[in-house]
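Chain by chain, the residues run as shown.
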Amino acid sequence: MNTARISSTICSPKFDSSNSITSRKGSVSFCGNSRVRSSRAVMGLLSTDYKPKIVTGDAGYVLEDVPHLSDYIPDLPTFHNPLQDNPAYSVVKQYFVNVDDTVAQKIVVHKDSPRGIHFRRAGPRQRVYFESDEVHACIVTCGGLCPGLNTVIREIVCGLYHMYGVTKVLGIDGGYKGFYSRNTIPLTPKVVNDIHKRGGTILGTSRGGHDTSKIVDSIQDRGINQVYIIGGDGTQKGASVIFEEVKRRGLKVAVAGIPKTIDNDIPVIDRSFGFDTAVEEAQRAINAAHVEAESIENGIGVVKLMGRYSGFIAMYATLASRDVDCCLIPESPFFLEGPSGLFEYIEKRLKENGHMVIVMAEGAGQDLLSESIRSMDQKDASGNKLLQDVGLWICQRIKDHFARQNKMAINLKYIDPTYMIRAIPSNASDNVYCTLLAQSAVHGAMAGYTGFTVGPVNGRHSYIPFYRITETQNQVVITDRMWARLLSSTNQPSFLNPKDVIEGKTEEEPVTQLLNGENCANGKLVNNEISNI
Ligand SMILES: Nc1ncnc2c1ncn2[C@@H]1O[C@H](COP(=O)(O)OP(=O)(O)O)[C@@H](O)[C@H]1O
Ligand SMILES: O=P(O)(O)OC[C@H]1O[C@](O)(COP(=O)(O)O)[C@@H](O)[C@@H]1O
Ligand SMILES: [Mg+2]
């Protein structure tokens, strides 16, 4: 860190022995989307004494740093990184990450724009805070399945073993509740050798059952000092409170999160592992729907894909396929009846082309469903809202419509590959990505960082504070160019009321993401890589 250039105007940073910087509660602000919590609410997720480590520098530079064990444990000894003696790495020039390296969240800039938010760059450090034989690590997987979970597990075990000589690694059986209700699973490179070829997670997973004190008791009782937590937004919230309890008890335990979500709804990072695999697998279902639809008069193929609140899988699967005539996602409301509605469009497509394919995310049109099926407000064990089956519902509505109107005989085929796209092993690209995530997490924990999630930000792996990952969910921005690309590839109606579009238009130059603030376009969230190209 270039100490001379750090300004103390906002956060009064002070340096500690690890070259990291602590500060008073920083003035972090977030943009106003309904799924974005305010900074105060974000703090509500955290204990009242949580202090984000914000460092400011020249020209609007802001580092949102991650916690370090030395923040709350004084005089921790450091050790020579064993990688320096590793024959595989000793020939690599500049293998170690410079302690000052940070990664910019915003890479599209104007000449006078502030440098903006940065995250600490991931990677191996020259000095580590654990000796190899001191480390007792554990790995847990939580939430829904995702291709690549086994690869991440494998690469944490092998990374610890081969890079740092760590031999004590435990698997926690069945998610968070496994910490206090199940036996552990010893993990060695031999045990995990070919698990990346299998779908699912060899450790098992679960929803619910996050009992912070029981989990931290178990960590303490077992003498665990590195905890690798693989999971989605709910899991990372759980990891955040585990980190805080560990810190409150003053334990030398590094807590590292690896973000997992098939829906690609985790913010800040470029994309989540398994997403690429899921989009690829979805092609098989879309192809089948297309073959069925085009083989019969007035054939309609409907495919339902995952996506509780975010339609990334449906959007990317549609864009990749080119056989899709209509893609419905949670972010883009639609309606069935009347001019420019879905039924009118189906009729038009069938008349023009004789068949059509509809792809929908499971979270699309839930408002329409609950209007017609007034019922349950059920939740899963983690508190996530249980969705009603929009695929079955829409198929029935389409059939009823055409039967009632007696317009044309249709042949509708419904394909629901929901679980098939997430229960498969990860593809080659996701496998490499999972390896980098796992190794970055291992390097971070060994270097004494804690309370972080690892992930690529504009292509560079970074350590991101938990609150940045849990404060919001990534969603498709329907005013963004990616959604426009989709609309122009399917030719579907936008389902926007023309009156709203006209009223929404102004003579003024539209405010760009760049000018409007971090990660925020016209008050809507944007995904760094995925939606904003
Ligand atoms: N706010 C929270 N605080 C603590 N633990 C949580 C929180 N939300 C979810 N969890 C725990 O995280 C785990 C996974 O959460 P879930 O929402 O099911 O999946 P995902 O992590 O994939 O989003 C569950 O064991 C759940 O109890
Ligand atoms: O049936 P399950 O296992 O609860 O999973 C269904 C949900 O899991 C998801 O795939 C992803 O959710 P998570 O990222 O929270 O695990 C959703 O798209 C889907 O609604
Ligand atoms: Mg989730």
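Computed from a predicted structure; not experimentally measured.

The next subject is the site of ligand 1. The immediate surroundings of ligand 1 are formed by 18 residues, with Gly208, Asp233, Thr235, Lys260 and Ser382 found nearest. Gly234 places a main-chain nitrogen or oxygen 3.1 Å from an oxygen atom of ligand 1. Burial of ligand 1 by the protein amounts to 83% of the accessible area it has alone, namely 560 Å². Broken down by element, the shell around ligand 1 gets its largest block of residues, 5 residues, from helix H7 (residues 233-248). The residue inventory of the shell around ligand 1, partitioned by class, reads 2 nonpolar, 12 polar and 4 charged.

Okay, the UniProt feature "active site" (unreviewed entry) in the protein next. Residues given the UniProt feature "active site" (unreviewed entry) here are Asp263. For Asp263, the location among the structural elements is in the loop between strand E13 (254-259) and helix H8 (275-294). Assessed through its relative accessible area of 9%, Asp263 is described here as buried. Once residues lying within four places of it in the same chain are set aside, the contact partners of Asp263 are Met306, Gly307, Arg308, Ser310, Phe312 and Ile313.

According to UniProt, the feature "binding site: substrate" (unreviewed entry) maps to Thr261, Ile262, Asp263, Met306, Gly307, Arg308, Glu362, Tyr419, Met420, Ile421 and Arg422 in the numbering used here. In this fold, Tyr419 is placed in the loop between strand E17 (411-415) and helix H13 (428-446). With respect to the helices and strands, the residue Met420 is situated in the loop between E17 and H13.

Quick look at the sheet that holds strand E16 (residues 355-361) now. Read from one edge of the open sheet, 4 strands run E15-E16-E14-E17, paired in parallel fashion. Both outer strands of the open sheet, strand E15 (326-328) and E17, are each paired with one neighbouring strand and no more. Pairwise comparison of adjacent strand axes, ignoring direction, gives a mean angle of 15 degrees for this sheet. Sheet analysis places strand E14 (residues 299-305) next to E17, joined by 5 bridges and oriented parallel. Across the sheet, the residue bridging to Gly301 is Lys413, located in E17. Across the face of the sheet, helix H9 (residues 312-321) comes into contact with E14, E15 and E16 while running at roughly 150 degrees to E16. Of the strands in this sheet, E14, E15 and E16 are in contact with helix H10 (residues 342-353), which crosses E16 at around 145 degrees.

Attention shifts here to the state of the cysteines. Applying the stated criterion across every chain yields a total of 0 disulfides. Free cysteine Cys146: the closest other cysteine sulfur is in Cys434, separated by 7.7 Å.

Below, the discussion takes up the site of ligand 2. Residues in contact with ligand 2 amount to 13 residues; listed here are only the nearest, Gly144, Met306, Glu362, Tyr419 and Arg422. Asp263 is positioned with one of its side-chain polar atoms (N or O) 2.9 Å from an oxygen atom of ligand 2. One of the backbone N or O atoms of Gly307 is found 3.5 Å from an oxygen atom in ligand 2. Against a free-state accessible area of 470 Å², the protein chains account for coverage of 83% of ligand 2. Taken together, the residues of the shell around ligand 2 sort by class into 3 nonpolar, 4 polar and 6 charged.

Calculation notes
Residues numbered from 1 in each chain as written. Chains lettered and ligands numbered in written order. Predicted model: local features only at pLDDT ≥ 70, side-chain atom pairs only at ≥ 80, totals over all residues. Heavy atoms only, no water. Near = heavy atom within 4 Å. Polar contact = N/O pair within 3.5 Å; in protein donor to acceptor, adjacent residues only side chain to side chain. Areas by Shrake-Rupley, 256 points an atom, 1.4 Å probe, with all protein chains shown as cover. Helix = DSSP H or I, 4+ residues; strand = E, 2+ residues; numbered from the N terminus. Nonpolar A, V, L, I, M, F, W, Y, C, P; charged D, E, K, R; others polar. UniProt positions renumbered as here; feature names shortened; annotations may be inferred. Buried < 20%, exposed > 50% of the residue type's maximum accessible area, 1.4 Å probe, protein only. Contact = heavy atoms within 4.5 Å. Pairing = 2+ DSSP bridges. Axes fitted to C-alpha atoms, helices over the stretch in contact; angles between N-to-C directions. Disulfide = S-S within 2.5 Å.

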